[in-house]
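# Commentary on secondary and tertiary structure
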Amino acid sequence: MKSLFKKKIFLITFSLYLSLIIASFFIYFIEYKKNIYTEQWIVDYCEKNYSDCEKKNLKYFFLDERTKNPDLSIYAPPIHSTRIKKFVEKEVFPFSGVSNSKTLICNESGKYVFITSDRYGFNNLDNIWDKSIDVTLVGDSFTFGECVNFNETITSNLLKANYNTISLGYGSNGPLITLGSIREFGSLIKSKNVFWIFFAGNDLEDLSREKKSKLLIKYLDPNFSQGLLNKKKFIDKVYSDYFESESEKLKNSWPYKFSLIKIFDLSIVKIFLKNYFNNYQLSNSERKESSEKYRVIDNYDFDLFSKIIDTANKEVKSWGGELSFVYIPSPRVFHSKDYNLENKYQRDKVKRIVHSHDLEFIEIENKIIELKIPIDKIYSHGMGHFIKNGYKIVST
């Protein structure tokens, strides 16, 4: 009897283990597709509009491209530098990417966009730095011209209109980094016109993260500077080493690199379950936050924002320039009445602060409404960054 019982236990255990092995193979292929390839809606859009589509996501497309060009850089928003040990150790917070480098940016259409960065790592024609500048643009990814070719950016549109223009924008920049960019680079340019391009969708949220940085908060002191102009070689080297080390990690990462060990020791099942429960908790947290939007807006640090605007305005005035404020609406405004009310609530608060410092407040939302162009012809898929038309609207 004991022998028969042991056999049953063994068969049950073996059957369960075999089932988990089979499940591991299925999970592997599901996770491979989810982790290696870009979002399905981007692929679907591309296949409807182009004959040749790149389906891998940014990280793994970058990995493939670096085999062809080992010097290729990838879009690295300044806030992400806090994850890089050498920057943290040396207390350096870069505000741009690798200089004079072919740089992979993004993919919102099924086609990846590359730029060639200028001498300071921004998205400009390099020779513009040798000219007298009429207009300086500061802000986040909309200022950078994310996800379009350079000739479709705000910078390029103004150049075509015979305004010598430089962009100091970069993805995920909030108000403190924008102030820092004016101090570190705008003071070199000293253009008569500086336009702060503010994205309503997340710039104040970015400030909530930025103000935790002891280094960034120092920019409220008009005498503080990191001297980034003299640190480009160091910044380029750190980024280059970081891209190389991350590429090596990706080559050997799961699920990119298949591992029989992970199949048979059931690591894949463990990882899958852990990620599932983590994502479930995150989803619940996001739902809770979305139900308290007004409270979230009221918790933004508007006093700090006002101090930043005041400091930036004085900085620009110190060289005889004029600062203007451009308010870019989140595309969600055009899809949700509830969000439109929230946007108006936030916009009115921001507008009062900007006007309190005697700055021009330029609203783009009304221009978009008046043109009566479908939103998906202005924002990528109606929800992403600007496409060609959107950047042109801001430029005119």
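The structure we're discussing is the one just above.
Residues numbered from 1 in each chain as written. Predicted model: local features only at pLDDT ≥ 70, side-chain atom pairs only at ≥ 80, totals over all residues. Heavy atoms only, no water.

Now for the overall build of the protein. Within the protein one finds 17 helices and eight strands. Viewed in the frame of its principal axes, the protein has a C-alpha envelope of about 95 × 45 × 45 Å. Across the 396 residues of the protein, 48% fall into the buried class. Across the protein, contacts joining residues at least 24 apart in sequence account for 74% of those joining residues at least 6 apart. (Helix = DSSP H or I, 4+ residues; strand = E, 2+ residues; numbered from the N terminus. Buried < 20%, exposed > 50% of the residue type's maximum accessible area, 1.4 Å probe, protein only. Contact = heavy atoms within 4.5 Å.)

Moving on to the environment of His357. Positionally, His357 belongs in the loop between α15 (337-356) and β8 (360-363). Here the alpha-carbon distance between His357 and Ser306, two residues 51 residues apart in the chain, equals 8.4 Å. Residue contacts for His357: discarding those within four places in its chain leaves Ser306, Ile309, Asp310 and Asn313. Within the local environment of His357, its side chain forms a polar contact with the side chain of Ser306, the two groups lying 2.9 Å apart. (Polar contact = N/O pair within 3.5 Å; in protein donor to acceptor, adjacent residues only side chain to side chain.)

As a further point, take the nonpolar core. Counting residues in hydrophobic clusters, the biggest one holds 69 residues, and the most contacted among them are Trp196, Phe305, Phe325 and Val350. Sort the elements by how many residues they give to this core and helix α14 (residues 302-318) lands first, with seven residues. Every residue in contact with Phe325, bar those within four places of it in the chain, is listed here: Trp196, Phe198, Phe305, Ile309, Val350, Val354, Glu360, Phe361 and Ile362. Val135, Ile364, Tyr379 and Val394 belong to the second largest nonpolar core, which has 19 residues in total. (Core = buried A, V, L, I, M, F, W, Y, C linked by side-chain atoms within 4.5 Å.)

Under the criterion given, the structure shown has 30 aromatic pairs. With a centroid separation of 6.3 Å and 75° between ring planes, the pair formed by Phe305 and Phe325 is classed as edge-to-face. Of this pair, Phe305 sits in helix α14 while Phe325 sits in strand β7 (residues 322-328), placing them 20 residues apart in sequence. Both residues of the pair, Phe305 and Phe325, count as buried. A centroid spacing of 5.5 Å and a plane angle of 35° characterise the contact between Tyr327 and Phe361, whose relative ring orientation is tilted. One end of the pair, Tyr327, is in strand β7; the other, Phe361, is in strand β8, with 34 residues separating them in the sequence. Of the two residues examined, Tyr327 and Phe361, each falls in the buried class. In textbook terms, an aromatic cluster arises when at least three aromatic residues are bridged by ring pairs, as seen for Phe62, Phe87, Phe234, Tyr239, Tyr242 and Phe243. (Phe/Tyr/Trp six-rings, centres within 6.5 Å; stacked < 30°, edge-to-face > 60°.)

With that out of the way, let us pick up the state of the cysteines. A complete count under the given rule lists two disulfides for this structure. Linked covalently through their sulfurs, Cys46 and Cys53 form a disulfide whose S-S length is 2.1 Å. Between Cys46 and Cys53, the S-S dihedral sits near -100°, and the bridge is therefore left-handed. Exposure remark for Cys53: the relative accessible area of 19% places this residue in the buried category. Paired by a disulfide, Cys106 and Cys147 hold their sulfur atoms 2.0 Å apart. Of this pair, Cys106 sits in strand β2 (residues 102-106) while Cys147 is found in the loop between α5 (141-144) and α6 (154-160), placing the two residues 41 residues apart along the sequence. (Disulfide = S-S within 2.5 Å.)

Here the focus is the packing of helix α7 (residues 175-189) against helix α8 (residues 203-210). The description of two helices packed together rests on the angle between their axes and the distance between the axes. Close contact between α7 and α8 brings their axes to 7 Å; oriented N to C, the two are set at 80°. In terms of orientation, α7 and α8 fall into the roughly perpendicular class. Here α7 contributes Pro175, Leu176 and Ile177 to the contact with α8, which in turn contributes Asp203, Leu207 and Glu210. Class assignment for the residues of the contact of α7 with α8 results in four nonpolar, no polar and two charged. (Axes fitted to C-alpha atoms, helices over the stretch in contact; angles between N-to-C directions. Parallel < 35°, antiparallel > 145°, perpendicular 65-115°, else oblique. Nonpolar A, V, L, I, M, F, W, Y, C, P; charged D, E, K, R; others polar.)

Another point: the pattern of salt bridges. One pass over the full model with this rule turns up 20 salt bridges. In this structure, Asp64 engages Lys56 in a salt bridge whose closest nitrogen and oxygen atoms are separated by 2.8 Å. Under the relative-accessibility criterion, Asp64 is labelled partly exposed at 24%. Residues Glu315 and Arg183 are paired through a salt bridge, measuring 2.6 Å at the closest nitrogen-oxygen approach. Highlighted residues: Glu315 in helix α14 and Arg183 in helix α7, separated in sequence by 132 residues. Accessibility expressed as a relative area gives 12% for Glu315, which makes it buried. Judged by relative accessible area, Arg183 falls into the buried class, the value being 6%. (Salt bridge = Lys/Arg side-chain N within 4 Å of Asp/Glu carboxyl O.)

Interpretation in functional terms is not warranted from these geometric data alone.
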